[in-house]
Amino acid sequence: MQKATSPLQSYERIVIKIGSALLVDPDDGLRQQWLDALCRDIADLRKAGCDVMIVSSGAIALGRTVMRHTTLGTAKGSLRLEESQAAAAVGQIALAKAWSQALSQQQLIAGQILLTLADTKERRRYLNARATVGQLLMAGAVPIINENDTVATSEIRYGDNDRLAARVASMIGADLLVLLSDVDGLYTAPPKDNADAKFLHRIADITPQIEAMAGDAGSELSRGGMKTKVEAARIATKAGCAMIIASGKQDHPLDLINSGARHSLFEPGTSPVTARKKWIAGQLEAAGKFLIDPGAQRALETGKSLLPAGVKQIFGSFRRGDTVAICTLEGEEIARGLAAYDSEEAELIAGCKSSEIVAILGYSGRTAMVHRDDMVITGVRRDELQTKQRETM
Ligand code: GLU
């Protein structure tokens, strides 16, 4: 194939997320030829000096094909949670072997990492996972990452690898995330039902309009629909990482992007953020919610801390240091941060002046309810980041 200019090779650290449908054919199992071709693209990126990490879906789909002669293989339609976990247990072994063998043909070493939501949520575990991935990259290996599907239950799982890949990208300081699936990019409306849907080549900002284009969670039939892709873009771009949505249907999908195949590019956020803030921005679940008045909102937007006086209402039960969503009085989220007080104390001092804290709590606590160093402005977010769990494999 003729190689044109190579936009991918101008990035230093690339996370590539592979959707299940690309790797696994429900009837024939692993799509070996496709995987081999992809690994040649990966080897090219490595030769050009890029660090490459793979977030690979496919454990459940592959497990179903391996178990085709068992009750799990013959089950029609979606699997129940425990069935998909059993399929993942079988499929993950096959998946890791397939990656390891295909990469070794390119003289590359694969290292498997299975993550749970808690590994990116709890800061200590997050730093630990980051160190492991960092070591693999330093040694020149290619980390192959998936969710630890076999044990994660609905409350403690991502459920989709789009957002997992975005968290990994932000965690490891990647400058590009590529989501390869069977869709080639973002359209102004679902192209299947709208003949005049327009393709978006570049997205500079994830506005409410862009979110609306992704549709509702409920309208997506499979995990990792356009909604989770746009959520992934929000996480990645906030962390200063660009994101590409491209089709992986053809062999050599990365090479094809390099030679001009159509794709949507989400531009990275420009303001430099600290590692701590990246972590806060990527927290999927907030333990509590603060409704704040317009004055406090303006203060936050100019980089100030959230003082107790501006907090009108508090929801949820949280401990000091837990993530809280900071919302307008209408409930629209504008920031995320770490609470400086437990919820019981926060309720007592909400609406009060900072100078009154000592009289109310009996000790002189922190002046701010959420300190600006522990806060990230996330912009208006209409819905919770955590999408409903979908079991549609
Ligand atoms: N972790 C799931 C698997 O390997 C895939 C999740 C997704 O499709 O995004 O099968």
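Every value quoted in this text rests on a predicted model; they were computed, and no experiment measured them. The residue numbers shown here count from 1 along each chain, following its written sequence. Since the coordinates come from a predicted model, pLDDT governs what is reported: local features require at least 70, and pairs of side-chain atoms require 80 or more to be given and counted, while whole-chain, interface and lining totals use all residues. Computation of side-chain values covers all heavy atoms of the structure but excludes hydrogens and water.

A.B. asks: When you look at the sheet that holds strand β7 (residues 176-181) in this model, what are you seeing that I'm missing?
C.D. replies: Within a sheet, neighbouring strands are paired by backbone hydrogen bonds and run either parallel or antiparallel to one another. The mixed open sheet is built from eight strands, whose spatial order is β5-β6-β4-β1-β7-β11-β12-β10. The open sheet terminates on both sides in strands that have one partner only, identified here as β5 (110-115) and β10 (202-203). At least two bridges found by DSSP between two strands is the condition for calling them paired. Starting at the N terminus, helices and strands are each numbered in turn, a helix being any DSSP run of H or I of at least four residues and a strand any DSSP run of E of at least two. Relative to strand β4 (residues 51-56), strand β1 (residues 13-18) runs parallel, the two sharing six bridges. Among the inter-strand pairings, Ile18 is bridged to a residue of β4, identified as Ser56. Note on contacts: a residue pair is in contact if any heavy atoms of the two residues lie within 4.5 Å. Here an angle of 0 to 180 degrees is reported between the N-to-C directions of two axes, which are lines fitted to C-alpha atoms, with helices fitted over the stretch in contact. Here helix α2 (residues 32-47) sits on the sheet and contacts β1, β4, β6 (142-147) and β7; the angle it forms with β4, its principal contact strand, is near 155 degrees. Most of the contacts of helix α10 (residues 226-238) go to strand β11 (residues 242-247), to which it runs at about 155 degrees, and overall it touches β7, β11 and β12 (263-266).

A.B. asks: Just to check I follow, could you spell out the pattern of salt bridges for this structure?
C.D. replies: Within this document, salt bridges are pairs made up of a side-chain nitrogen of Lys or Arg and a carboxyl oxygen of Asp or Glu, the two lying within 4 Å of each other. Summed over the entire model, instances satisfying the criterion amount to 14 salt bridges. With a closest N to O distance of 3.7 Å, Glu83 and Arg80 form a salt bridge. Of the charged contacts in the structure, one is a salt bridge between Arg262 and Asp184, with a shortest N-O distance of 3.3 Å. Of this pair, Arg262 sits in the loop between α11 (253-258) and β12 while Asp184 is found in the loop between β7 and β8 (186-187), placing the two residues 78 residues apart along the sequence. We call a residue buried when its accessible area falls under 20% of the maximum for its residue type, exposed when it is over 50%, and partly exposed in between, using a 1.4 Å probe and counting protein chains only. For Arg262, a relative accessible area of 40% gives the class partly exposed. Residues joined by salt bridges that share partners form a network here, namely Asp160, Arg163, Lys227 and Glu231.

A.B. asks: Explanation requested: the site of the ligand in the structure shown.
C.D. replies: Close to the ligand lie eleven residues, the nearest being Ala59, Ile60, Asn146, Asp149 and Asn161. Here a nitrogen atom of the ligand and a side-chain polar atom of Asp149 are 2.7 Å apart. Counted as a polar contact is a pair of N or O atoms within 3.5 Å, where, for protein atoms, one must be capable of donating a hydrogen and the other of accepting one, and residues adjacent in sequence contribute only when both atoms are in side chains. One of the backbone nitrogen or oxygen atoms of Asn161 is found 2.7 Å away from an oxygen atom of the ligand. Summarising the interface, the protein chains cover 97% of the accessible area of the ligand, which totals 300 Å² for the free molecule. For this classification, Asp, Glu, Lys and Arg are treated as charged, while Ala, Val, Leu, Ile, Met, Phe, Trp, Tyr, Cys and Pro are nonpolar and the rest, including Gly, are polar. Partitioned by chemical class, the residues of the shell around the ligand number two nonpolar, six polar and three charged. Here a residue is considered near a molecule or strand provided that any single heavy atom belonging to it is located within 4 Å of it. Exposure was quantified through the Shrake-Rupley algorithm and a 1.4 Å probe, taking into account, for residues, occlusion by the shown protein chains and nothing else.

A.B. asks: Help me understand the nonpolar core in this model?
C.D. replies: Nonpolar side chains tend toward joint burial in soluble globular proteins. Formed by 44 residues in total, the largest nonpolar core has its most connected members in Val15, Leu177, Leu186, Ile210, Met243 and Phe266. Every element with two or more residues in this core is listed here: β4, β5, α7 (123-138), α8 (161-171), β7, α10, β11 and α12 (275-281). Excluding its chain neighbours within four sequence positions, the residues that come into contact with Phe266 are Leu186, Ile203, Ile206, Ile210, Ala233, Thr237, Ala242, Met243 and Ile245. We define a nonpolar core as any set of buried Ala, Val, Leu, Ile, Met, Phe, Trp, Tyr and Cys residues linked to one another through side-chain atoms lying within 4.5 Å. One finds Ile18, Leu22, Ala59 and Ala242 within the second-largest nonpolar core, a separate group that totals 41 residues.

A.B. asks: Please clarify how helix α13 (residues 294-301) should be interpreted in this entry.
C.D. replies: Burial in α13 covers these residues: Ala296, Gln297 and Leu300. Looking straight down α13, one finds that the buried residues subtend no more than 105 degrees of arc, so they occupy a single side. Summarising the geometry of α13, the exposed residues directed more than 90 degrees from the buried face are Arg298 and Glu301. Trailing α13 by a residue or two, Gly303 shows a phi angle of about 90 degrees, which is positive. Summarising the geometry, the arc corresponds to the directions from the helix axis toward the C-beta atoms.

A.B. asks: Could you clarify how one ought to interpret unusual backbone geometry in this entry?
C.D. replies: Most of the time, phi is negative for any residue but glycine, and the peptide bond is trans. We note that Gln107 has phi near 60 degrees; this positive angle belongs to a residue other than glycine. Residue class for Gln107 comes out exposed when judged on its relative accessible area of 71%. Phi is positive for His252, close to 55 degrees, though the residue is something other than glycine. When you line up the elements, His252 lands in the loop between β11 and α11. On the basis of relative accessible area, His252 is assigned to the buried category, the value being 17%.

A.B. asks: How do you make sense of the side chain of Ser181 when you look at a structure like this?
C.D. replies: Inspection of the secondary structure assignment puts Ser181 in strand β7. Of the polar contacts made by the side chain of Ser181, one reaches the backbone nitrogen of Val183; its length is 3.2 Å. For Ser181, the contacting residues outside a window of four places in its chain are Leu22, Lys229, Ala246, Ser247, Gly248 and Lys249.

A.B. asks: Explain α10 to me, please; I cannot follow it from the model alone.
C.D. replies: Each full turn of the α-helix corresponds to 3.6 residues, which orients residues three or four apart in the same direction. Helix length check: α10, at 13 residues, gives a terminal C-alpha distance of 18 Å against a target of 18 Å (1.5 Å per residue), a fit within 8%. Within α10, twelve of the 13 residues are buried, leaving the element largely enclosed by the surrounding structure. Along α10, the residues classified as buried are Met226, Lys227, Thr228, Lys229, Val230, Glu231, Ala232, Ala233, Arg234, Ile235, Ala236 and Thr237. In a helix, the anticipated span is given by 1.5 Å times the number of residues less one.

A.B. asks: Looking at this structure, how should I read the packing of aromatic side chains?
C.D. replies: We describe a pair of aromatic rings using the distance from one ring centre to the other and the angle between the two ring planes. Pairing of aromatic side chains requires ring centres within 6.5 Å, counting the rings of Phe and Tyr and the six-membered ring of Trp. Pairs whose planes differ by under 30 degrees are stacked, by over 60 edge-to-face, and all others tilted. Counted by the stated rule, this structure contains two aromatic pairs. Summarising the aromatic geometry, the rings of Tyr187 and Phe199 are spaced 5.1 Å apart at their centres and angled 85 degrees between planes, so their arrangement reads as edge-to-face. Of this pair, Tyr187 sits in strand β8 while Phe199 sits in strand β9 (residues 199-200), placing them twelve residues apart in sequence. On the basis of relative accessible area, Tyr187 is assigned to the buried category, the value being 15%. Here, over-ring charges are defined by two tests on the NZ atom of lysine or the CZ atom of arginine: distance to the ring centre within 6 Å, and angle to the ring normal within 35 degrees. A cation sits over an aromatic face here: Arg262 above Phe199, 3.9 Å from the ring centre.

A.B. asks: Could you clarify how one ought to interpret the packing of α2 against helix α5 (residues 81-104) in this entry?
C.D. replies: Two quantities define a packed helix pair, namely the angle between the axes and the distance from one axis to the other. The interhelical angle for the contact between α2 and α5, taken along N-to-C directions, is 55 degrees, at an axis separation of 9 Å. On the basis of the axis angle, α2 is oblique to α5. The handedness of the crossing between α2 and α5 is right-handed. Across from Leu35, Asp36, Leu38, Cys39 and Ile42 in α2, the residues of α5 making contact are Ala98, Trp99, Ala102 and Leu103. For the contact of α2 with α5, the per-class residue count stands at eight nonpolar, no polar and one charged. Just so you know how the angles are binned, under 35 degrees is roughly parallel, over 145 roughly antiparallel, 65 to 115 roughly perpendicular, and the rest oblique. Here a crossing is called left-handed whenever its near helix is offset anticlockwise from the far helix by less than a right angle, and right-handed whenever the offset is clockwise.

Coordinates in, geometry out; function isn't part of it.
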